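Survey of secondary and tertiary structure
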Amino acid sequence: MKEYDHKKIEKKWQKEWVEKNTYRTLSAKQASAKKMRPFYILDMFPYPSGVGLHVGHPRGYIGSDVLARKMRMQGYNVLHPMGYDAFGLPAEQYALEHKIHPRKAVEKNVATFEKQLSIIGLSYDWARKINTTDPEYYKWTQWGFLQIYNSWFDPKKNKARPIAELVRIFETKGSDTFSAKEWKAMTSMEKQNVLMQYRLAYEGYSDVNWCPHLGTVLANDEIVESPTGPISERGGYPVEKKRMRQWFMRITAYGDRLIEDLEKLNWPAHMKEIQKNWIGKSEGSEIAFELEHFPDRVSVFTTRADTLFGVTYLVLAPEHLLVEKLKSHAQNESEIDAYIVATKKKDEMMRTATDKDKTGVELVGVRAMHPATKEPLPVWIADYVLPQYGTGAVMAVPAHDERDAGFALRYELPVKNVVTPFFAYTTGPDAVRNDKPMVKRDTVVAIVKHWSEDKYIGLKWKNQNWKTFVVGGTNGENPEIAAVREVQEETGYKNIKYVRTLGEAQSQFYATHKSENRWAFMTGVYLELENGDHIDVVEGEKQLHEVVWLSKKEVESFVDSNESFLFWNAVKDQTQIFTNDGVLVNSEMFDGLTSQEAREKITEAVGGKIVTKYKFRDAVFARQRYWGEPIPLAKNADGVISEVSLSKLPLELPKVTSYEPTGTGEGPLASVSAWKKAGYETNTMPGWAGSSWYFMRYIDPSAKKQFASDTELAYWFNKKKTGGVDVYVGGAEHATGHLLYARFWHKVFFDLGYVPTKEPFEKLMNQGMILAADGRKMSKRWGNVVNPDEIVSLYGADTLRLYEMFMGPFDASLPWSTESIIGSRRFIERVWKLQARVVKKGADVSIYETVLHKTIKKVTEDIESFSFNTAVSAMMICSNTFEKAGQINEEDFLSFVKILAPFTPHLADELWNAFAQKGSIHSAPWPTFNPKKLVSETMTIAVSVNGKVKAELVVSKDATESEIVALAQKEEKLILALAGRNPQRVIYVPNRLVNFVI
RNA sequence: GCCGGAGUGGUGGAAUGGUAUACACGUGCGACUCAAAAUCGCAUGCCGUAAGGCUUAAGGGUUCAAGUCCCUUCUCCGGCACCA
């Protein structure tokens with residue numbers, strides 16, 4: 001047996017695999033002929049940034065490669081491709097910095113990347129490689145854009161439809177705002193403007209995140225907050241708001257479906273959560289407030305229409321379109337102007353800081369009318385109201401909203417309470433009974449503090465199992481008077497001082513002792529005793545309950561009703577306000593309704609409408625940069641837009657001398673005279689355009705007539721599945737960018753009938769980051785980067801692969817340890833040495849057979865669940881067992897090598913061929929385990945007393961319960977532990993333990 | 001603040017409610033060697049010479065049995081954050 005020489009072995013097999021096309025994916029037709037089922041496992045394709053890889057980068061690729069190899073051996077037609085996402089800022093920035101053309105930069109970086117990747121032994125089908133900057137590729141990105149441009153979202157059918165169908169509707173029926181006749185009378189420009197409001201890709205104006213340094217607009221997920229304000233994620237340059245002409249994708253139209261369909265996907269829960277939060281769906285009402293002296297109405301969005309009667313003022317965002325008009329009628333115009341200017345400045349800084357005090361200015365003299373009470377309401381502007389969300393205006397309810405409360409406190413605005421906490425008992429002995437009358441009662445709940453200690457009175461009731469504060473009816477008195485009276489009657493204390501009222505609550509329950517339902521209108525009152533003087537309590541009260549003094553901590557475990565807790569919290573925290581749902585008060589005809597009922601009824605009564613809002617915005621689909629796909633649209637001198645037809649696609653990027661940003665807001669393409677003359681759009685597409693559909697190109701990368709042929713689409717994107725790609729592996733940081741955009745693009749294509757599945761990615765796996773040994777991110781800046789080339793050269797690719805899979809859970813961030821990697825190398829060498837123990841036939845299998853079959857089972861299952869670390873550990877156990885056996889049958893050893901093959905492909909093929917097997921191990925069938933061989937001849941049973949293990953028994957696998965119990969009772973340790981006591985129960989868990997309960 | 005997830009040896013980590021600390025690193029001792037490295041063997045949660053006891057962030061609960069389920073608290077990581 002030769003020494004294990006990883007360099008020689010790895011070089012040999014990498015060459016062999018390329019020559020023999022070992023990892024070629026079959027076309028739909030070829031595979032169908034062989035009845036091979038498809039399995040699509042995809043890595044997120046990289047930006048070839050040129051910086052070079054560190055050991056963390058290949059981790060995801062290795063994981064997906066392990067799965068791909070296993071599936072291939074199990075007979076699937078596996079599609080496992082790789083490509084490059086090379087448009088966009090990273091590549092362009094690199095080119096700018098190195099003073100070379102972006103295309104050259106991409107070529108160079110791709111070459112570096114492939115060189116580094118090639119030595120790891122990944123099983124990609126390189127024949128399917130794609131590059132988003134290849135004109136033959138971006139031809140279809142442009143085509144896809146045009147499909148989206150030529151679609152509108154039909155809310156009734158909840159799907160995209162061709163814009164031509166909308167035109168037909170306008171021609172025959174018109175719309176809400178114009179008739180068919182009026183439509184026909186419109187100029188083509190007018191029609192274009194109308195349709196633009198419907199298209200899924202549309203031109204619009206909006207405040208965008210403008211980065212002066214990069215000379216471009218950035219998406220929300222491309223900027224981050226910093227202490228000095230928003231900055232670009234890439235480069236960290238300041239970002240400000242700027243109103244600009246833009247192309248957008250109407251992704252908000254899909255808000256509902258993007259949330260709903262998440263449920264059907266096999267994605268990590270936190271990824272779904274992140275997308276849900278980002279989309280930020282909330283249901284509420286839009287309610288209009290009329291203005292005195294103005295024909296305009298202020299529309300507000302609220303999720304709490306039930307609190308409408310608690311509105312005491314309105315607040316508009318300083319940017320609200322009406323402000324300009326209203327302020328000229330206000331008495332304090334200059335003050336308003338100053339505030340607006342200050343807001344704009346703050347906009348660049350940090351307007352969204354949460355901990356700052358809320359500021360605002362009243363539009364003195366401007367009054368809105370309450371839609372229900374018709375009372376006049378002051379109107380304010382304040383920067384805590386955001387122009388982009390809802391309607392940019394809010395109705396302020398300081399009694400039930402924390403922000404409004406803070407604002408009202410600062411500017412001394414009135415507070416009106418309209419919702420009271422409500423507790424209805426629906427289960428248990430106190431549950432309201434339908435067959436009994438409901439009796440309303442005004443009651444007080446008194447919390448009484450000790451005269452010198454921090455203690456409070458509780459009542460222990462003798463007949464019922466109640467523990468309460470002092471409670472009682474008011475008999476028509478003021479609550480504070482009733483409270484003092486009740487305390488004196490029930491406790492005997494005389495010198496009681498009223499401190500404050502704690503609020504109100506209502507409760508419905510069944511009063512057993514009176515056989516009636518009670519509807520209690522409770523007022524909480526806080527009292528303090530001035531001294532301990534007291535009189536005797538009348539005998540009747542004494543029999544009812546006992547008075548106890550409780551510390552703060554004791555109170556919390558003493559009282560058990562929600563109402564008591566509510567009032568108790570009001571004692572502890574004076575400033576708290578009630579923001580939950582409850583029952584309405586002070587709301588005229590709506591009094592007594594629950595918040596839930598009231599929201600709908602009040603909205604209806606004041607002519608509002610129920611609407612759904614989303615936090616996320618339509619996605620900006622334009623960059624003022626050179627290095628992106630040209631948008632295939634042109635405008636003539638009159639501004640009429642025309643499309644570049646499919647036969648003229650791709651619309652290629654022109655050659656330019658200077659591709660640096662102009663900084664004016666127009667892209668560098670504006671300085672290309674021929675381009676400008678043709679009227680072509682000077683913005684290019686954003687980085688996420690090409691990555692939103694690339695997984696569809698891999699299935700048929702050379703298709704000429706379509707982005708992929710129908711045959712391949714039907715094969716790989718089976719319409720019976722929810723998602724097309726079976727497993728998608730990549731970083732969690734793409735949750736709100738790429739993964740959302742790709743889902744949107746795919747859904748439009750699905751609606752238009754271009755793809756068979758409604759979602760792009762069925763299962764998603766996030767690989768964890770590999771940190772440096774110091775626990776920080778690997779970065780040149782820290783000088784802690786570990787280069788994979790060095791590791792491969794020193795230990796071999798198989799060791800690197802094995803170690804990265806063994807380190808820990810696939811999705812966990814783990815520190816790299818150059819110390820620990822030696823363990824993986826040792827394992828490989830020990831497997832190598834096992835060769836010497838292999839015999840054709842006749843080895844004593846009893847030592848290793850059970851372990852081998854268990855290992856095959858575990859590795860098969862663990863690879864599927866991405867539990868690579870435990871799969872490797874199982875194989876280590878198996879190999880250790882082999883070492884203990886004198887000899888191993890060749891068949892058994894090769895089964896072991898097969899399950900090892902996905903992890904250490906070079907070593908596996910070398911061993912496979914050392915035993916003169918035909919072909920590559922990676923085309924050999926995956927081994928199966930024999931269920932009968934999973935159980936060994938003997939088993940170990942733990943003997944425990946009250947769950948504590950005292951002894952172990954080794955028994956035959958056929959031993960019965962009674963035999964085992966009998967054997968256990970003879971164990972000395974058990975007898976000692978029982979100390980003569982007889983067990984009350986004996987619990988036997990088959991194959992595991994027997995527990996004696998004493 | 002809100003929403004997720006997690007806290008287990010010196011380290012990375014393992015454990016369908018059923019023998020906690022698998023597997024690996026490190027460390028110690030031994031073998032081989034003139035010696036060292038490599039390799040092989042043994043040991044290795046904590047306290048204790050031992051018998052034995054204790055131990056999964058802390059505290060409580062459910063259970064014959066809890067790292068695992070429930071409640072409270074603390075810490076860390078991730079996401080969102082004036083979203084009306």
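Structure: see above.
Notes on the structure in this doc start here.

The rules behind each value
- Residues numbered from 1 in each chain as written.
- Chains lettered and ligands numbered in written order.
- Predicted model: local features only at pLDDT ≥ 70, side-chain atom pairs only at ≥ 80, totals over all residues.
- Heavy atoms only, no water.
- Helix = DSSP H or I, 4+ residues; strand = E, 2+ residues; numbered from the N terminus.
- Contact = heavy atoms within 4.5 Å.
- Lys, Arg positive; Asp, Glu negative; His and termini not counted.
- Charge placed at Lys NZ, Arg CZ, Asp CG, Glu CD.
- Pairing = 2+ DSSP bridges.
- Axes fitted to C-alpha atoms, helices over the stretch in contact; angles between N-to-C directions.
- Buried < 20%, exposed > 50% of the residue type's maximum accessible area, 1.4 Å probe, protein only.
- Core = buried A, V, L, I, M, F, W, Y, C linked by side-chain atoms within 4.5 Å.

Quick look at the overall build of chain A now. When helices and strands are counted, chain A shows 33 helices and 41 strands. Summarising its shape, the C-alpha atoms of chain A cover approximately 105 × 100 × 55 Å along the three principal directions. Long-range pairs, those at least 24 residues apart, make up 73% of the contacts in chain A between residues at least 6 apart in sequence. Of the charged side chains in chain A, 130 are positive and 127 negative, and the gap between their average positions amounts to 7 Å.

Ordered in space as β39-β38-β41-β40, the four strands form an open sheet in which the pairing is mixed. Bordering the open sheet on either side are β39 (948-956) and β40 (985-989), each of which pairs with just one other strand. Sheet twist, expressed as the average angle between the axes of neighbouring strands with direction ignored, equals 20 degrees. Together, β38 (938-945), β39, β40 and β41 (993-997) form the strand contacts of helix α32 (residues 961-969), whose direction differs from that of β41 by roughly 60 degrees.

Following the sequence through the fold, S551 ends up in strand β26 (residues 545-551). What makes S551 partly exposed here is its relative accessible area of 22%. Sequence separation between S551 and E453 is 98 residues; the distance between their C-alpha atoms is 8.7 Å. Other than its neighbours up to four places away in sequence, S551 contacts D454 and K455.

The subject of this paragraph is the pairing of strand β25 (residues 516-529). Successive side chains on a regular strand alternate, one facing one side of the sheet and the next facing the other. Among the 14 residues of β25, 12 are classified as buried, and the element is accordingly described as predominantly covered. Two strands pair when backbone bridges link them, and strand β20 (residues 438-449) and β25 are joined in this way by 12 bridges, in the parallel orientation. If you follow V444 over to β25, its bridge partner there is T523. Relative to β25, strand β24 (residues 496-511) runs antiparallel, the two sharing 14 bridges. Each residue of the ladder has a partner; that of F509, found in β25, is R518. Between β24 and the antiparallel strand that follows it, β25, lie four residues; S515 among them carries a positive phi value of about 55 degrees.

With that settled, the discussion passes to the pairing of strand β16 (residues 376-382). With six of seven residues buried, β16 lies mostly within the body of the structure. Where strand β14 (residues 313-316) and β16 come together, three bridges link them in parallel fashion. Bridging across to β16, L314 finds its partner in V379. By the bridge criterion, six bridges tie strand β15 (residues 360-369) to β16 in an arrangement that is antiparallel. Among the inter-strand pairings, R367 is bridged to a residue of β16, identified as P378. Adjacent in sequence and paired antiparallel, β15 and β16 are bridged by six residues, among which K374 carries a positive phi angle near 65 degrees.

Moving on, we get to the nonpolar core. By size, the foremost hydrophobic cluster in this structure holds 181 residues, and its most contacted members are F145, W816 and F903. Ignoring anything within four residues of it in the chain, the contact list for F903 reads V66, D798, R801, L802, M805, V859, I863, F868, A871, V872 and M875. By size, the runner-up hydrophobic cluster in this structure holds 49 residues, among which are I287, L316, A317 and V323.

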